[in-house]
Amino acid sequence: MRTKVAIIGAGPAGLLLGQLLHACGIDNIILERRDRGYVLARIRAGVLEQGTVDLLDRVGVAARLHREGLIHDGIELAFAGSRHRIDLKEATGKSVTIYGQTEVTRDLMDARDGCGLVTVYEADQVKPHDFDSDHPRVSYTRNGVGHEAECDFIAGCDGSHGISRASVKPSAIETFERIYPFGWLGILSETPPVSPELIYSNHARGFALCTMRSMRRSRYYVQCSLDDHIDQWPDGRFWDELKRRLDQEAADSLVTGPSIEKSIAPLRSFVAEPMRFGRMFLAGDAAHIVPPTGAKGLNLAASDVHYLAQALREYYDEKSSAGIDHYSEKALSRVWKAVRFSWWMTAMMHRFPDTEGFGARIQLAELNYLVNSKAAAASLSENYVGLPY
Ligand SMILES: Cc1cc2nc3c(=O)[nH]c(=O)nc-3n(C[C@H](O)[C@H](O)[C@H](O)COP(=O)(O)OP(=O)(O)OC[C@H]3O[C@@H](n4cnc5c(N)ncnc54)[C@H](O)[C@@H]3O)c2cc1C
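Anyway, here's the lowdown on the structure attached to this text.

Conventions adopted
Counting of residues starts from 1 at the beginning of each chain's written sequence and follows it residue by residue. Note on the predicted model: pLDDT of at least 70 is required for a residue's local features to be given, and 80 or more for side-chain atom pairs to be given and counted; whole-chain, interface and lining totals, by contrast, use all residues. For the side-chain quantities, the full set of heavy atoms in the structure was used; hydrogens and water were omitted. Secondary structure elements are defined from DSSP: runs of H or I of at least 4 residues count as helices, runs of E of at least 2 residues count as strands, and each element is numbered from the N terminus. For the radius of gyration, the atoms used are the C-alpha atoms, and the globule rule reads 2.2 Å times the number of residues raised to 0.38. Partly exposed describes any residue whose relative accessible area lies between the buried limit of under 20% and the exposed limit of over 50%, with all areas from a 1.4 Å probe on protein chains only and scaled to the type maximum. By definition, residues are in contact when any of their heavy atoms lie within 4.5 Å. Side-chain atoms within 4.5 Å are what join buried Ala, Val, Leu, Ile, Met, Phe, Trp, Tyr and Cys residues into a set we call a nonpolar core. The criterion for strand pairing is that DSSP finds at least two bridges linking the strands in question. Any pair of cysteine sulfurs within 2.5 Å is marked as a disulfide. Whether a set of points on the 1 Å grid over the protein atoms alone is a cavity depends on a 1.4 Å probe fitting there but being unable to get out, while an open set qualifies as a pocket with protein on both sides within 12 Å along at least five of seven lines; lining residues are those with an atom within 4 Å of a point. Grid points are joined across faces, edges and corners, and a volume is the space filled by probe spheres set on the points. All residues other than Ala, Val, Leu, Ile, Met, Phe, Trp, Tyr, Cys, Pro, Asp, Glu, Lys and Arg, Gly among them, are scored as polar; the first ten of these are nonpolar and the last four charged. In this analysis, axes come from line fits to C-alpha atoms, helices being fitted only over the stretch in contact, and the angle between any two N-to-C directions falls in the range 0 to 180 degrees. An angle below 35 degrees is read as roughly parallel, one above 145 as roughly antiparallel, one from 65 to 115 as roughly perpendicular, and any other as oblique. For any helix crossing, the convention is left-handed if the near helix is rotated counterclockwise from the far helix by under a right angle, and right-handed if that rotation is clockwise. Near, as used in this document, describes a residue that has one of its heavy atoms within 4 Å of the molecule or strand being considered. Whenever a nitrogen or oxygen atom comes within 3.5 Å of another N or O atom, the pair is scored as a polar contact, on the condition that within protein one atom can donate a hydrogen and the other can accept it, and that pairs from neighbouring residues in sequence are kept only if both atoms are in side chains. Here the accessible surface of atoms and residues is derived via Shrake-Rupley with a 1.4 Å probe, and residues count as covered only by protein chains that are part of the display. Expected helix span is computed as 1.5 Å times (number of residues minus one). We call a crossover right-handed when, viewed with both strands directed away from the observer, the connection leading from the first strand over the helix to the second proceeds clockwise.

**Some words on the overall build of the protein**
- What the protein contains, in helices and strands, is 13 helices and 20 strands.
- Relative to the globule expectation of 21 Å for 389 residues, the C-alpha radius of gyration of the protein, 21 Å, shows essentially globular dimensions.
- C-alpha extents for the protein along the principal axes are approximately 60 × 40 × 40 Å.
- In the protein, which comprises 389 residues, the share counted as buried stands at 56%.
- When contacts within the protein are restricted to residue pairs at least 6 apart in sequence, long-range pairs at least 24 apart make up 71% of them.

**Overview of the nonpolar core**
- Ranked by size, the top nonpolar core spans 75 residues in total, and within it L16, L17, L56 and L312 carry the most contacts.
- Element by element, the count of residues in this core is highest for helix α10 (residues 297–318), at eleven residues.
- Discounting residues that sit within four places of it in the chain, L16 has contacts with L55, L56, V59, L108, A302 and V305.
- Counting residues in each nonpolar core, the second largest holds 33 residues, with Y221, A295, L367 and L370 among its members.

**Things to note about the sheet that holds strand β4 (residues 70–72)**
- Judged by pairing direction, the sheet is antiparallel, and its three strands sit side by side in the order β3-β7-β4 without closing on themselves. Of all the strands in the sheet, the pair left with one neighbour each is β3 (47–48) and β4.
- Across two bridges, β3 lies against strand β7 (residues 96–98) in antiparallel orientation. When the sheet's bridge partners are listed, L48 is paired in β7 with T97.

**Things to note about the pairing of strand β12 (residues 153–156)**
- Here β12 shows two buried faces, one formed by F153 and A155 and the other by I154 and G156.
- Here strand β1 (residues 5–8) pairs with β12 via four bridges, running parallel. Residue I7 lies in a different strand from β12, and its bridge partner there is A155.

**A word on the state of the cysteines**
- By the definition in use, this model includes zero disulfides.
- Of the cysteine sulfurs around C24, a residue in no disulfide, the closest is that of C115, at 13 Å.
- Residue C210 stays outside any disulfide, its sulfur separated by 16 Å from that of C224, the closest cysteine.

**What to know about the layout of surface pockets**
- Approximately 340 Å³ is the volume found for the second largest pocket.
- Lining the second largest pocket are 18 residues, and of these E68, E103, R213, S214 and R217 lie nearest its centre.
- The dominant element in the lining of the second largest pocket, judged by the number of residues it contributes, is helix α6 (residues 101–114), at three residues.
- Split by residue class, the lining of the second largest pocket holds five nonpolar, five polar and eight charged.

**Some remarks on the packing of helix α11 (residues 322–349) against helix α13 (residues 374–385)**
- One way to put it is that α11 packs onto α13 with a least axis distance of 10 Å and a crossing angle of 120°. By the angle between their directions, the pair α11 and α13 is classed as oblique. Relative to α13, α11 is oriented so that their crossing is left-handed. Packed against α11, whose contacting residues are K337, R340, F341, W344 and M345, the element α13 presents L380, N383 and Y384 at the interface.
- Class assignment for the residues of the contact of α11 with α13 results in five nonpolar, one polar and two charged.

**Quick look at unusual backbone geometry**
- Between E273 and P274 the backbone carries a cis peptide bond, its omega angle lying at -5°.
- One can find P274 in the loop between β17 (259–273) and β18 (276–277).
- A positive phi is found at A80, a non-glycine position, where the angle reads about 50°.
- Of note, A80 is situated in the loop between β5 (74–79) and β6 (82–87).
- A relative accessible area of 64% places A80 in the exposed class.
- Positive phi is not limited to glycine here, since E122 has a value of about 55°.
- Among the secondary structure elements, E122 is positioned in the loop between β8 (118–120) and β9 (124–129).

**Some remarks on the site of the ligand**
- Of all residues adjacent to the ligand, which total 32 residues, the nearest are E32, R42, Q101, D285 and L298.
- R44 places a polar side-chain atom, nitrogen or oxygen, 3.1 Å from an oxygen atom of the ligand.
- Between the ligand and the protein, one listed contact pairs an oxygen atom with a backbone N or O atom of A295 at 3.3 Å.
- Taking 1,000 Å² as the accessible area of the ligand by itself, protein coverage stands at 89%.
- For the shell around the ligand, the elements supplying multiple residues, two or more each, are α1 (12–23) and α10.
- Sort the elements by how many residues they give to the shell around the ligand and α10 lands first, with three residues.
- In terms of residue class, the shell around the ligand is made up of 15 nonpolar, nine polar and eight charged.

**Notes on α6**
- For α6, which comprises 14 residues, the first-to-last C-alpha distance of 20 Å matches the rise-based estimate of 20 Å (1.5 Å per residue) to within 8%.
- Taken together, the buried positions of α6 are occupied by Q101, T102, V104, T105, D107, L108, M109, A111 and R112.
- Once α6 ends, the next one or two residues include G116, with phi positive near 70°.

**Some remarks on the pairing of strand β2 (residues 28–31)**
- Residue alternation in β2 divides its side chains into two sets, N28 and I30 and I29 and L31, and both sets are buried.
- Pairing of β1 with β2 involves four bridges; the strand directions are parallel. Within β2, the residue paired with I8 across the bridge is L31.
- With α1 bridging β1 and its parallel neighbour β2, the resulting β-α-β unit is right-handed.
- Sheet topology places β2 next to β8; three bridges connect them, and they run parallel. Within β8, the position partnered with L31 by the bridge is V120.

Listed below in structure tokens is the structure:
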């Protein structure tokens, strides 16, 4: 098989890159380890920046998003028993859109099928080769039969445990990591959201987040111990704990119901530098991870592939390598700002083992400052709706 760009991974980064390249006439294939149903069932992100929505619009896959997505002009911060609204729209002129990652993935998959582009699901033993040469290739097996795709470039969009980053020799890569001493226990339920906008709650018992996927489907999280297992969290215990961490009005109006998904996610910040290795590029979670507090992971995957598609278009249309030469630097500059914002939100909202006395007072002072200073609220808003590309 011969293609211009071999993309490893059919998550949001790989699928969106495929559509952006196709829109510029650059042929590509996607090799995905899992089956289609598995990829579609992963419940993850739900908050899209305006820039991400614009990219989906640009490749013509946002019709359903505009019909079903919820536009949010603000978020609420809850602390010390009351809630305060941050008006994102007033501060920045921009909003965010609530639309599940599962739906983004489905729309991109449908669009890819509609264009007749090749996606190989259940590709085993995928391996990038010779990306330091002018003739890179990717090998894989399917149903026990070996295959090879020759290409000009490889895009490693295979998430944090993928093969692309793992194929780079350790001396060529530098990594930066912060592990947080807690996780998020999340549930999805067929219940109306407790409030029309997201509630981020700082509480002595730990952080809580009330978010949603639609006006009928809610997503709630509570900070939990890394040692916890979901078996220890029957639905009743989860709802009781969530109520304790909300203000009285929210706790009283919370509609509970059986969970339809429940999982625990550990939190970490991670960045690998650089994001280019000869003719292989990393994009999305393959290169960086952020704690979900800032709602940035999927959005960073989108901005990475925007830069990458632009660079590859320049390479093919203008015979210029400037874009690919600067891809890593350009992407990392935006990545680090989102890593900072996600780390800062995480630090402000969660109980750490040492958040007692002094630490708790500092968090409250910071939250009070945020809700009483237009400048501070504008800074949060600017980052939350997404920094410009
Ligand atoms: C609980 C939770 C909540 C989140 N909330 C938000 C949020 O609100 N907002 C936000 O922006 N982000 C959020 N995120 C992060 C977001 O989900 C990720 O950043 C996003 O999925 C990254 O997309 P990606 O395509 O880079 O990677 P992935 O979605 O991980 O996709 C990588 C793909 O590569 C495939 N793959 C892996 N290894 C191989 C291999 N060897 N060969 C072939 N294929 C392979 C995988 O099967 C997968 O399909 C959240 C994440 C979690 C866990």
